[in-house]
Structures are given as C-alpha cells and as structure tokens.
Amino acid sequence: MAVATAARTITIAEALNESIRLEMRADPKIVIMGEDIAGGAQVEHLEDDEAWGGVMGVTKGLVHEFGRERVLDTPISEAAFIGAAVGAAATGLRPIAELMFCGFLGSCLDSLLNQGSKLRYMFGGKATVPVTIRTMIGGGFRAAAQHAQTLYPMFANIPGLKVVAPSNAADAKGLLTASIRDDDPVIFCEHITMYTMKGEVPGGEHIVPIGKAAVARPGSDVTLLGVSLTAVHALNAAETLAKEGIDAEVIDLRTVSPLDEETILESVKKTGRLVIVDEANPLCGLASHIAGMVASRGFHWLQAPVGMVTAPHSPVPFSPVLEDAYLPNPQKVVAAVKETCSKAS
Amino acid sequence: MAVATAARTITIAEALNESIRLEMRADPKIVIMGEDIAGGAQVEHLEDDEAWGGVMGVTKGLVHEFGRERVLDTPISEAAFIGAAVGAAATGLRPIAELMFCGFLGSCLDSLLNQGSKLRYMFGGKATVPVTIRTMIGGGFRAAAQHAQTLYPMFANIPGLKVVAPSNAADAKGLLTASIRDDDPVIFCEHITMYTMKGEVPGGEHIVPIGKAAVARPGSDVTLLGVSLTAVHALNAAETLAKEGIDAEVIDLRTVSPLDEETILESVKKTGRLVIVDEANPLCGLASHIAGMVASRGFHWLQAPVGMVTAPHSPVPFSPVLEDAYLPNPQKVVAAVKETCSKAS
Amino acid sequence: MNLSQDQLRSMYRTMVSIRNFEETVKQAFAKGHIPGFVHLYVGEEAIATGVCSALRASDTITSTHRGHGHCIAKGCDMNSMMAEIYGKATGLCKGKGGSMHIADVGKGMLGANGIVGGGPPLACGAGLTSVVTGSGDVCACFFGDGACEQGTFHESANLAAIWNLPVIFVAENNGYAQSTPASYHCAIENIAERAASYGIPGAVVDGSDVFAVHEAAVEAVKRARAGQGPSLLECKTYRHHGHFEGDQQTYKDDLYKSVSQGKDSIRDFRALVTQHGWFTSEELDAIDGEARQAVEEALAYAESSPLPGVEEVTSDVYVSYP
Amino acid sequence: MNLSQDQLRSMYRTMVSIRNFEETVKQAFAKGHIPGFVHLYVGEEAIATGVCSALRASDTITSTHRGHGHCIAKGCDMNSMMAEIYGKATGLCKGKGGSMHIADVGKGMLGANGIVGGGPPLACGAGLTSVVTGSGDVCACFFGDGACEQGTFHESANLAAIWNLPVIFVAENNGYAQSTPASYHCAIENIAERAASYGIPGAVVDGSDVFAVHEAAVEAVKRARAGQGPSLLECKTYRHHGHFEGDQQTYKDDLYKSVSQGKDSIRDFRALVTQHGWFTSEELDAIDGEARQAVEEALAYAESSPLPGVEEVTSDVYVSYP
Ligand SMILES: Cc1ncc(C[n+]2csc(CCOP(=O)(O)OP(=O)(O)O)c2C)c(N)n1
Ligand SMILES: Cc1ncc(C[n+]2csc(CCOP(=O)(O)OP(=O)(O)O)c2C)c(N)n1
Ligand SMILES: [Mg+2]
Ligand SMILES: [Mg+2]
C-alpha cells in the first residue's frame, strides 16, 4: 500500500495505521501483537484485508503487507502476551502490543509494574525495553464501568514507563512514531471516541517528540490544560470563552509522563490562572498532580485557586444520560474557567 | 488465647492479630486467607502455633483458635484468591485476604479494579462487598524494586475502594477493626518496617473510624502531613523543628481514601504552610494530590509554596546506601520545612 | 431422562424466551435504541437452560459479556433486564451496568462480566461462602473458549479443586473468541481435557442438546453438593450471530456457518418432545406465543421507563462514605 | 551418555560452585553482611546445571527469586554476582537489584525475578525474538512448584504452544512454596501432567540426577531448536535449607527431611563418575578446591568493593528522559 508523501486529511485510526506501517517497513525488528489485530487472518478462506485489524480497525491491512510472522493475533492472555512483548523487547525486538481496553490492565499489570518498567533499573541499566503498548481509554461509547476507564494516572505513577495521549491525527501519527522508536516502554493511550476524528497529517516520516506539551492556542487570561479528548474540550471551551472576552491559552499535554512542567509553568507565569481538564478519576489523578506541581513550583504566579474539571470519584455509568453527566465537556470547562477568572488573587 | 481488656504496650503485629482475633470471635462470617497465613498448618506433624502465621507472623496462632475452615492457606494464585475473597464477600462472607506485598497487585489487579471496587456501582447498589485486603507497603527492608513499593496512589485512584494506612499500634488495631466491619472493600496497608514498633493499645474492642485524619501534634507555624511511616517521620521532624523554634502541626492522614480534606484544610488555614511527606512515587502520587487539593480549596490560606518530600520517580533500589537515599526521612522533612518556612507569602 | 412435564415445559420456555429476547434486542439495537455493546446468546440457549435447570434458586452463577441468556435461565425478570439494556432507571442495575454488567444478586445471578476471565475467581468465592456457611449451594461459572486462555481460569480451577469448592466450570465453546478461532487460540481441541490438570472430572457435551447439558450439569451439581468438589463441563456450541452486534463475521468459515445453521436446540427439542408425544406442537406454540408476548412487554416496559436521574452518577459507589 | 570429559568436568564444577557459593552466602548472611532476602539453591544444583549445560551461550534463561544457581550455571561472573548480593557498585546490577533481581542480559540470564510467575511471559518473549530473528536460540524458563499455580504459567504455556516458541518450561518442584507443601497447593501430583493441557511434551525427572536432567533438557532443546515448540520438564527436587535465610522450617515433615538429606546430586555425581573411572577422587577434589577458592575470591571482591554513589538512585530508570 502506498503511503502519501504530502499532508492530507485522514482519521486518527488511519494516522496510527500509517505510523505503524511506515515503521514496520523501516525496521524488521518491529512486530505487532494483540487480540484480533490481524483479526481472523489466520483463517484460510479469508482475504487478509477483510480481517478485523483490531476491534477499531487500527491495524487493518497490516497482516497483508507484513505477514503472519510480524502481525500476531493473540489468545485472551493479556498477562502472557504483554509480558511476552516485554521479554521480546528485552531480547532485541521492538514490539507493539495492543491492550484492547486500558481496563484490561487488571489482567496484565505485573508485566508493566514489575517487569517492563523496572528491568532496566533493577539490572543496573543493562536491559533496554523498547516496547510500545497501545491501549484505549475514555468514555462516551456507552461501554460502562470496565470498558470506559481512563487509567493514565496509574501508568504515570510507575517510574520507568512513558505515557502518551494524543489529541489529533497529526500528533497521533507523530507521537506513535516517536513511541515506537523510543528505547523505553511507552504506553500509548488512544481515546475510544476519537478514532474517526479527522485532521491534516503530514505524509512520510513524521515525529512529535515525547515529553513536550503543545501550546495549542496562545492566550493571556487563563491557562486551560487538557490531554487527549479533554484537550479538544479545552480548545472548544476557549472558542466560547473568546466570545465572552476571556482569552484562554490552551495547553495540550500530549505526554502524561514525563510531564512537561516547564511549558505548564511558563504559561501559568503568563496567565496567573489555571484550569485543568481531565477525564481520569480525581483521587491521585492527573489534574490534582498538575495542580500540586504548580502549587509547589509556580505558587507565586498563581492569582486564583487552581480549577479542575475531572470525572467524579465514581466508576463510569452505562446509561447515556449518566455517562454524559459523568464526563468532562466544554460547557463544564467554560463554567470552571469563569469561576476561576472571577476569583481575586 | 485471652485478649487483654486493659491497654498495654504491644507491637503493631500483635495489635493487628488482636483485631482479627476479636472480630473472628464475634462474627463467624469472617474468614482469612492468604499465602502461608496459617503457614504449613495443614501439615499433620506441626503444632499450629509453630506455623508461620504469614511471612510477618501477623496471623500467628489464629488457625489454632479458628481452625482450617476459617484460616485458609492459599496457593500462589493472587488473581484467584483475591477474586475469591471479593466473590465470597458479595455472597455473604466478610473475608480478610492477605496480599503479601502490595507489588503483587500486578498479579491480581482485575479483582480490585474491575470487580471488587465496581460491583456495587455496576449493579446499581445491589451488591455489597465487605472485603478487607491487608497488604504490605514500603521500603527499608532492602527488599528491592518489586518488594518495597508504596502503591496506595493506585488504590486510591480506584473509586469504590477505601484505603487505610495506620502509623502506630493503637491505630493499627482500631483501623483494622473498622476496616473489617466496613461494608465496602478496604485496602489496609501495613508498612514493612513497622510490625515490631510498639505502642499502647486499648484492650477489648477498639475502633478508629475510616476517613478521619488525626492531628498527631498541634502546632501553629506549618502543617506537616504524613501517612503510615511518613507520619512517624513527620512527628520526629517536628521534635527537631521545635528545638529550632518552628512549631509544626502534624497530621497523620491514617486514611488515604476517602481523604479527610477538612482536617487538612483546617490546619492549613491555621498555619498557612504545608509540607507533605509521602513514600509513594511522585507522579500522580498522594503528595501532589493533596497539594493540588489545597491549591484548589485552600489557596487563599497558603502563604508559601507547598513543600513535598517524596520518593523520586524511580523504582526502589536494593543497596542500603541507595535505599536510604531514596526514602523520605526526618532530616529531609526538616530541610523541606525550613525551606517552606523561609519563603515569603 | 428424569424430567417432569413441568421441568420440560420450563426448559422450553427458557430457551424460547432467550431466543426471543435476543432477537428483539438485535432489532432494537439495529434501530439505534440500545446504547453500547451487545453480545447475543442466540445458538447457545441450551447451555444456560440445561445448566440452570439443574440448579436451585439459592444457587449462584457467574456470567460473561454474553450474559442475557444466563440471566433469563436463572430467573431474572425480563422487564428489568430489557430496561437495564436500555439504560433506564427501572433496569436491574438502575441503568448503571447495561448489557455487559447486568446482574441480579438476589436471584443468584452474580453479574455479566465485561472482563473475559473475570468470573472464575468470583465463582470460587461463591463456592467458599457455601462451604463456610454450610448452605450447600453450588455456583455455576459460565465462560467462553477464549476465557480458557486466561490465567484466572487456571488459578480458579486449581483453587476450587484443592479447596473442594462446589463450583461447576461451564466452558461455552462456540469456536470463536471475537474473530479468533478456538483452533488458533487454544493449544488443544477439547477444553474439558484441562480438567486433568486439576484432578477434577471433565466432560464434553453437545451444547445444542439441552438434555445432554442438563444431564451433565445434574451430575456435576450432585458431586458439588455432596462435597466432592468442582467439575469442568465443556459445551460445544455455535454463535449464530456476530461477536457483537455490528460484527460482519467475515472470519467465519463455510464449515462453521453450515454446521452452525444446522444446530438449533429449540428445533431439536421440539422434534424430540413431540416425537415422544410429551407435548403437542400446539402446546409448544402456545409457549412460544407467551414468550413472545413477555418479551414484547419487556420491550414496551423498557421503552416507556424513565431515564435515571443524574444524581445517580455518584450514588452506589460506597455503602458508607464519611 | 554422550557427554565429553570436558562437559562432565564443567558440570561438576558448576554444581560445586553453586553449592559453595550458596553456603558462603548463607554464612555471610548469618553474619549480617548481606542485606535483604536471600533464597538458597542448595539441593537443587543439578537442575540449573543439567539444563544450562544443554544450552549454548546465546540461549537465554529466565529465573526466580532463587536465582543464584541459574546465574552460575549460565556463566555469570561470581565476583560480580557476590558484589551484587552485597549491594556493591561492582555488582552485576550496580547494586540496584540484589539477590532477587540478579541478572546478566549479556550472558542470556534475563534476571532472577521477585515475582513468582514473573518469568514465563518473559520467556515467551525471548522465544518470539528467536523466531522472528531466526536466531535459533531457545529460552529455558525456570520456576517453582508454587509458580505453577500462577495464571502466567498457564497463559504462557498455551501461548508458547500455539506460537510454537522455542521455550523449555522447567518446573523445579522442591515440594514447598514457602511453608506450603505442594501436596496442598497443587491439585495433582505431577506438574508435568499439565503439559497435556497445552498439547506439549511433559516429563518428570529426578532433579538431583544431573544426567537425567541434562538428557531431558537436551531432548527439549533439540525439539525447540528444530521448530517443534515448547516442552515442560518437571524436576523433582529438595530444598535443603529454609525458604529464605532465617526460616526455621518447622513446616518440613520428617519424611521430607529424611529424603532430602539422602538427596545429594554432587555426592551421587562423584560416586558415578569415579565408579566408571571417568574421574579420580583427586581430580574432583581439585575442582572442589578451585571452586572454593573462586568463591572465596568472589567474597573478598564483594567485601572490598565500593558502595554505589547516591546519584545512582535516579539513574537507569530510562534510556532517555527529556
Ligand atoms: C480481559 C479481557 N480481554 C479482552 C476482552 C475483549 N473481549 C471481549 S469478548 C472477547 C472474546 C471472548 O471470547 P469467548 O471467551 O470465547 O466468549 P464468546 O464471546 O465466544 O462468548 C474479547 C477478546 C475483554 N472483554 N476482557
Ligand atoms: C506474585 C508473588 N506472590 C507471592 C510471592 C511470595 N513468595 C516468594 S517465593 C514464594 C514461594 C515460591 O514457591 P516456589 O514457586 O515453589 O519456589 P521455591 O521457593 O520453592 O523455589 C512466595 C509465595 C512472590 N514473590 N510473588
Ligand atoms: Mg467463544
Ligand atoms: Mg517450591
């Protein structure tokens, strides 16, 4: 399959596919594995391109180009295959494993908590574990408590892992390429509702560095910070706020770990106010972490209490009316910003 | 075995044992299970009291009083037996399961992340899961990266769980009793270096409520907050600081989730300064969560940046010289408090 | 066969209720009335029916993402089930769980489970409760062929064996885990052979033969209740529809499709009981009609039920919260 | 037996090196010179030795908390090993890992592992690397009887089977998981029988007979290298000391203790090779002496080595960190 060399508008799913395809062409050490990622491709009668390519179709067609040796369907054995990806990385491959939903972390945490993230350190720097774990986060699909989680706080709490979560198609391609090439284990979080979102994506090689937040919209009155879908919410909220005379600077975090503290502090220094939008649960979550970091490193620039729009301390409910109330959205962000901006320093 | 009715000085291990013993006497629905918690007690030749009673001896002698039906050694199958404890709780028992080291969460996360914590919510309130998971946290034993973790941030991030971590023998007994009687799943964290610490413990029934922090030392200049062993460090640091003219109020958090925000805010309101001491890793950890909460809810009372003494963003090293450098200690706390108190508002 | 007329009638009613319920869910889903994921049990009705008809009311079951059939067979109310699948306040879980978490603990239905392999440890727990309280209840643990590759199955089977728990592990082998054939994901042909790893009885039965399933289940229940420990029952079956609704099923090969079409537990039941003269076609048709009507009522109930109030988002997380 | 004089000498040297190393660690631990936990391999020397002598240098192994013997058998440097156990800068892992995480990836030793059941998935990964790169290397995965009750063993055995990976699962059944006897924690007597669940060969061998272990390992390695997939090898063995140093071992029953005392792979090896006239006692004594001296040197090296600098606390977490 030819890959465009010029920028064009494609979906996030296509951008991810393109990143993997280009990297696999360049590096024979890359293998991909996961449940149904070839997708029945081992069945004789089936044309490979008709196969699933993962539940969201991200890996569609890859088995056709790279064969069953490098595109591996797995049994429902997350502990074994995520662990195998770690073991393969430590012995010379550069595997990309798909953990279908991040909630399935429950079935394979050890491979990430005690093996993948720690081997290098425990072995005194003598192991390298260049594995990428792609996984789905987020609500909005009415998938309920186990299939709508946003678990990057747990991943981020584990030293040795890097944690990435793009908010648009170009970053999806660029950050996935950076993740695959990274020599450390990277957890790459894809939001369940965003696969069909389109955006302009550079053709050919495209890299967005891990660990660098983007100022997605410059502004002067307040800093609005989001990641993955909440960065989109923040941008939408900023549009509304602009009409009401509030000029918000929007930071798209892009990487959760390592955290780009400097870009955040720089912005807070300028605006004096901070509202963080995060879909994860709040207790020991990402929003409060950033708020705490700023309360420690940027305290004197803060002119008002840090605002936070997060999920409540509850599992994700099924019923659409409940899930909608549960999730952050631009309206909630607008309200939080207005409150923050109304507070005297 | 007779249990004292009056207060006496005993170790934390003894206090925990006493709590379990008294509760098991009162409630036949309580069973305890875990690896070696009877400890070879199934071997014919062995007098029960010679058996291990868990690796730290906390459950020693219980099999003698309550028999093998209620004190269950398990295979090394954390996923199955922690899950079984959840399932037993949902069907009418009140199990206490021992997850030997909290790092073994890697082997059983699903039972806690997707089952125990969420059943009640997913079932619309129609399940009750009164399970207590006792587990070991912390460094100082030279047990290295996998056996010296402090994972309560991960537990706390999961709605539906309660997370408790006592700092002294009396609280150990009182909080464990409260945990066993609680109708929600409770993760009870015991610090590996503290089992032999002694303290005065009330005889007979003793309950310390979950969700209530203690002001362990009143003071006026700065609020010093710790939990489990770091509460002890905070108290020690406060002694040193007192000699140097700094009057620190020490809060012993006791419960990580639900977080007693009011007691913290009350203290910060009074002192205007906050230093948090936490052995967990910093990113999406407990210290930054509390700092963020205060930056949001107590911002106007803060006169200086929030200080934090935590583990670095690294796994726990083995070599004693490294582990000592890794861990929080009273000296680090004293230094952090001095810095915080030197900063102008 | 030791089945009374009443038992036979009840089993038939269960099977056609499940079939009707699922086909109705399928249509409602296609119309966009049902949110989220639904996984249908059509083709596998005889398993839930055969097993649950061997249980008593106080016995428990654990289920899977494909849980509607288990619910109905264990006696859950179809109105509240359909309302749950619709996300309504009147649902079994107040609309908070949906299809993947539908549950009725009071009826011994310990929940559909969105986690493949989530059930077996819970089933051990239910078994332990039975042993400790001396209730004599058993727990039937349903799970798919794909779930047999989860560590929890292995750990739980061993735990149940050494603790001698009254658990019946029921592997519903429908040949696929999503798009992945069992012939690929499982190293051996018969899951039941894995019973040998745990020193427990293992049996393979035709999962479209409700009598065969029932008989094997009765045997396993008898053992479990008598304190003789767990069993593993593999039911070979066929999933008539996609993995979830919306699945194009391109991965199904011709053999599977044709065998699958030929397998119909309801048709076979009808043929057998009418041949033996236990029931007339008319009697069975009447049950069909009743079941159809009950499902239609359930649909109407679900559609007309109110949505949950948004205050429900944060309720039911804890029993007590300070 | 197809073993050359050199191979025999090397196997004997490995066994006595392990024995000496462990007894020296035991003494140093008792003196308080070694921090943390240590788990000794005494009594089980023939397993690591028999298996690793069937491997080539580029083959890999995964290990357990009881990993010193595997290290030595895979050719790790004893000086750096002892220094690691002492927490010194010159240790194999710069003192960051200690006994439970001792590793030498360059030697194909993928790490002791403090997580029971942590090794099998990693071994599948090493096997996958072999298949994808076409290196032909195999991975031997050591684990205890207790680890057989972990889900990771089951999942990995199935995965290795369906992917046809060159992995040799070596169950070291020493009869206990900490204080818990295998007769309690495992539902069946022979772990090797579980191979049938994965359609792979399973064999039970006497783990104190280095020749038996070696022969079975050679066979399994041959299969694996030929692309015929994984095997499961159960080695029945005895742990001569406590679970960890400090353990009073009150749980060991008399039968275990007496059989255990009677099992000595080194003594048996000596008897056999001298009977056959392959070696004289003097030759073997000389090897003993060399091994003893090498271990003494390792001890001196460890004791005199510098401690790591505190800046090491935060190094080696990542390859790159912005
Ligand atoms: C731990 C976990 N891994 C993966 C999934 C995604 N998933 C849902 S159903 C399914 C297939 C299950 O197959 P099987 O057990 O055979 O049940 P069936 O759908 O055939 O009834 C998969 C992979 C999941 N829900 N949970
Ligand atoms: C996941 C996990 N659970 C429990 C432990 C604690 N533990 C360490 S060694 C051990 C016993 C292991 O027994 P076995 O596998 O037979 O190995 P052996 O010690 O006999 O060599 C246990 C329970 C652990 N380290 N990891
Ligand atoms: Mg299936
Ligand atoms: Mg053992």
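Calculation rules
Residues numbered from 1 in each chain as written. Chains lettered and ligands numbered in written order. Predicted model: local features only at pLDDT ≥ 70, side-chain atom pairs only at ≥ 80, totals over all residues. Heavy atoms only, no water. Helix = DSSP H or I, 4+ residues; strand = E, 2+ residues; numbered from the N terminus. Contact = heavy atoms within 4.5 Å. Areas by Shrake-Rupley, 256 points an atom, 1.4 Å probe, with all protein chains shown as cover. Lys, Arg positive; Asp, Glu negative; His and termini not counted. Charge placed at Lys NZ, Arg CZ, Asp CG, Glu CD. Near = heavy atom within 4 Å. Polar contact = N/O pair within 3.5 Å; in protein donor to acceptor, adjacent residues only side chain to side chain. Nonpolar A, V, L, I, M, F, W, Y, C, P; charged D, E, K, R; others polar. Donors = N, O, S within 2.8 Å, 3.2 Å for Na, K, Ca; no water. Buried < 20%, exposed > 50% of the residue type's maximum accessible area, 1.4 Å probe, protein only. Buried area = accessible area lost by both parts, 1.4 Å probe. Salt bridge = Lys/Arg side-chain N within 4 Å of Asp/Glu carboxyl O. Least-squares fit on C-alpha atoms with pLDDT ≥ 70 in both. Axes fitted to C-alpha atoms, helices over the stretch in contact; angles between N-to-C directions. Parallel < 35°, antiparallel > 145°, perpendicular 65-115°, else oblique. Left-handed = near helix turned anticlockwise from the far one by under 90°. Expected span 1.5 Å × (residues − 1). Pairing = 2+ DSSP bridges.

**Some thoughts on the overall build of chain C**
Along the backbone of chain C there are eleven helices and seven strands. Seen through its principal axes, chain C has C-alpha atoms that stretch 60 × 50 × 40 Å. Residue pairs in contact within chain C that sit at least 24 positions apart in sequence constitute 72% of those at least 6 positions apart. A total accessible area of about 10,400 Å² is found for chain C, and carbon and sulfur atoms account for 50% of it. With 24 positive and 38 negative side-chain charges, chain C shows a separation of 1 Å between the mean positions of the two kinds.

**Observations concerning the site of ligand 1**
Not every one of the 22 residues close to ligand 1 is listed here, only the nearest: Glu78(A), His65(C), Arg66(C), Gly114(C) and Asn174(C). More than a single chain frames ligand 1: its nearby residues are located in chains A and C. Between ligand 1 and Tyr176(C) there is a distance of 2.9 Å, counted from an oxygen atom to a backbone nitrogen or oxygen. Look at ligand 1: alone it shows 580 Å² of surface, and the protein chains cover 97% of it. Each residue belonging to the shell around ligand 1 can be placed in one class, and the counts come to eight nonpolar, ten polar and four charged.

**A short note on the coordination of the magnesium ion (ligand 3)**
Four donors placed tetrahedrally around a metal ideally meet at 109.5 degrees, and six donors placed octahedrally ideally meet at 90 or 180 degrees. All of the protein donors around the magnesium ion (ligand 3) are Asp145(C) (OD), Asn174(C) (OD1) and Tyr176(C) (O); their distances to the metal are 2.0 to 2.1 Å. Owing to a relative accessible area of 6%, Tyr176(C) belongs among the buried residues under this scheme.

**Focus on the interface of chain C and chain D**
By a widespread convention, an interface's size corresponds to the accessible area lost as its parts come together. Counting from both sides, the interface comprises 21 residues of chain C and, opposite them, 21 residues of chain D. Overall, the association of chain C and chain D removes approximately 1,600 Å² of surface from exposure, summing both partners, and the carbon and sulfur fraction of that is 49%. If you sort the residues of chain C by the area they bury against chain D, His154(C), Ile162(C) and Ser197(C) come out on top, with a joint share of 32%. The interface formed by chain C and chain D holds zero salt bridges in total. Taken together, the links from chain C to chain D amount to 15 residue pairs in polar contact (both at pLDDT 80 or more). Contributions of two or more residues to the side of chain C that touches chain D are made by α6 (151-162) and α7 (182-185) of chain C. Residue contributions to the side of chain C that touches chain D peak at seven residues, all from α6(C). Here the side of chain C that touches chain D is composed, by residue class, of eleven nonpolar, seven polar and three charged.

**A closer look at the site of ligand 2**
What surrounds ligand 2 is a group of 22 residues, the closest being Glu78(B), His65(D), Arg66(D), Gly114(D) and Asn174(D). Here an oxygen atom of ligand 2 sits 3.1 Å away from a polar atom, N or O, in the main chain of Ala147(D). In this structure, Asn174(D) approaches ligand 2 through a side-chain N or O atom, which is 2.8 Å from an oxygen atom. Taking 590 Å² as the accessible area of ligand 2 by itself, protein coverage stands at 97%. Of the residues contributing to the shell around ligand 2, the split by class is eight nonpolar, ten polar and four charged.

**Describing the relation of the copies chain C and chain D**
Least-squares fitting of chain C to chain D yields an RMSD of 0.0 Å, with the transformation described by 0.0 Å of translation along the axis and a rotation of 180 degrees. The two molecules are tied by a two-fold rotation axis, judged by turn and shift. If distances are taken from each C-alpha of chain C to the rotation axis, the shortest is found for Gly151(C), at 1.7 Å. The share of interface residues of chain C whose copies in chain D are also at the interface is 100%, consistent with both copies meeting through the same surface.

**Some details on the packing of helix α1 (residues 12-26) of chain A against helix α7 (residues 169-181) of chain A**
Residues and elements named next belong to chain A. Look at α1 against α7: their axes get within 8 Å of each other, and the N-to-C directions meet at 30 degrees. Classified by the angle between their axes, α1 and α7 sit roughly parallel to one another. In terms of crossing hand, the pair formed by α1 and α7 is right-handed. Of the residues in α7, those touching α1 at Ile12, Ala15, Leu16, Glu18, Ser19, Ile20, Leu22 and Glu23 are Ala169, Ala172, Lys173, Leu176, Thr177, Ile180 and Arg181. Broken down by class, the residue content of the contact of α1 with α7 amounts to nine nonpolar, two polar and four charged.

**Comments concerning α6(C)**
Residue and element names in this part refer to chain C. When the terminal C-alpha atoms of α6 are compared, their 17 Å separation across twelve residues agrees well with the 16 Å that a helix rising 1.5 Å per residue should span. Most of α6 is tucked away: twelve of the twelve residues are buried. Within α6, the full set of buried residues consists of Gly151, Thr152, Phe153, His154, Glu155, Ser156, Ala157, Asn158, Leu159, Ala160, Ala161 and Ile162. Trailing α6 by a residue or two, Asn164 shows a phi angle of about 60 degrees, which is positive.

**Some remarks on the coordination of the magnesium ion (ligand 4)**
All names here are of chain D. Those donors, Asp145 (OD), Asn174 (OD1) and Tyr176 (O), are the protein atoms that reach the magnesium ion (ligand 4), and they lie 2.0 to 2.1 Å from it. Read in sequence order, the donor residues for the magnesium ion (ligand 4) give the motif D-x28-N-x1-Y. Here Asn174 falls in the buried class, since its relative accessible area comes to 5%.

**A word on the relation of the copies chain A and chain B**
Each copy superposes on the other: chain A lies on chain B with an RMSD of 0.0 Å after a rotation of 180 degrees and an axial shift of 0.0 Å. Comparing contact sets, 100% of the residues at the interface of chain A also lie at the interface in chain B, consistent with an isologous, same-surface contact.

**Things to note about the packing of helix α8 (residues 229-243) of chain B against helix α12 (residues 330-342) of chain B**
Residues and elements named next belong to chain B. Their axes nearest at 8 Å, the elements α8 and α12 cross at an angle of 60 degrees. Classed by the angle they form, the pair α8 and α12 counts as oblique. Remark: the crossing between α8 and α12 carries right-handed chirality. Where α8 abuts α12, its residues His233, Asn236, Ala237, Thr240 and Leu241 lie against Pro330, Val333, Val334, Val337 and Lys338.

**Here's the deal with the sheet that holds strand β2 (residues 32-34) of chain B**
Residue and element names in this part refer to chain B. The seven strands lie next to each other as β3-β2-β4-β5-β7-β6-β12, forming an open sheet whose pairing is mixed. Each edge of the sheet is formed by a strand with only one pairing partner; in this case those strands are β3 (71-73) and β12 (255-257). When strand polarity is set aside, the average angle formed by the axes of neighbouring strands in this sheet is 20 degrees. Where strand β6 (residues 162-164) and strand β7 (residues 186-191) come together, three bridges link them in parallel fashion. Looking across to β7, one finds that Val163 is bridged to Ile187. Packed onto the sheet, helix α3 (residues 78-90) meets β2, β4 (96-101) and β5 (132-137) and runs at close to 150 degrees relative to β4.

**Some details on the interface of chain A and chain B**
At the interface, 54 residues of chain A touch 54 residues of chain B. Here chain A and chain B share an interface that buries about 4,500 Å² over both sides, 67% of which is from carbon and sulfur atoms. The three residues of chain A that bury the most area against chain B are Asn157(A), Leu283(A) and Cys284(A), which together make up 15% of that side's buried surface. There are zero salt bridges connecting chain A and chain B. Of all elements in the fold, only α4 (109-116), α5 (119-122), α6 (152-156), β12 (255-257) and α10 (286-297) of chain A reach the threshold of two or more residues within the side of chain A that touches chain B. Sort the elements by how many residues they give to the side of chain A that touches chain B and α10(A) lands first, with eight residues. Among the residues forming the side of chain A that touches chain B, the class breakdown is 31 nonpolar, 21 polar and two charged.

**So, unusual backbone geometry**
Only a minority of non-glycine residues have a phi that is not negative, and only a minority of peptide bonds are not trans. Residues and elements named next belong to chain A. The peptide bond linking Ser257 to Pro258 adopts the cis configuration, its omega dihedral lying at 0 degrees. With respect to the secondary-structure elements, Pro258 resides in the loop between β12 and α9 (261-271). Even without being glycine, Arg142 reaches a positive phi, approximately 60 degrees. Relative to the elements of secondary structure, Arg142 occurs in the loop between β5 (132-137) and α6. With a relative accessible area of 17%, Arg142 lands in the buried category. Here the phi dihedral of Ser228 falls at roughly 55 degrees; this positive angle occurs in a residue that is not glycine. Here Ser228 lies in the loop between β10 (222-226) and α8 (229-243).

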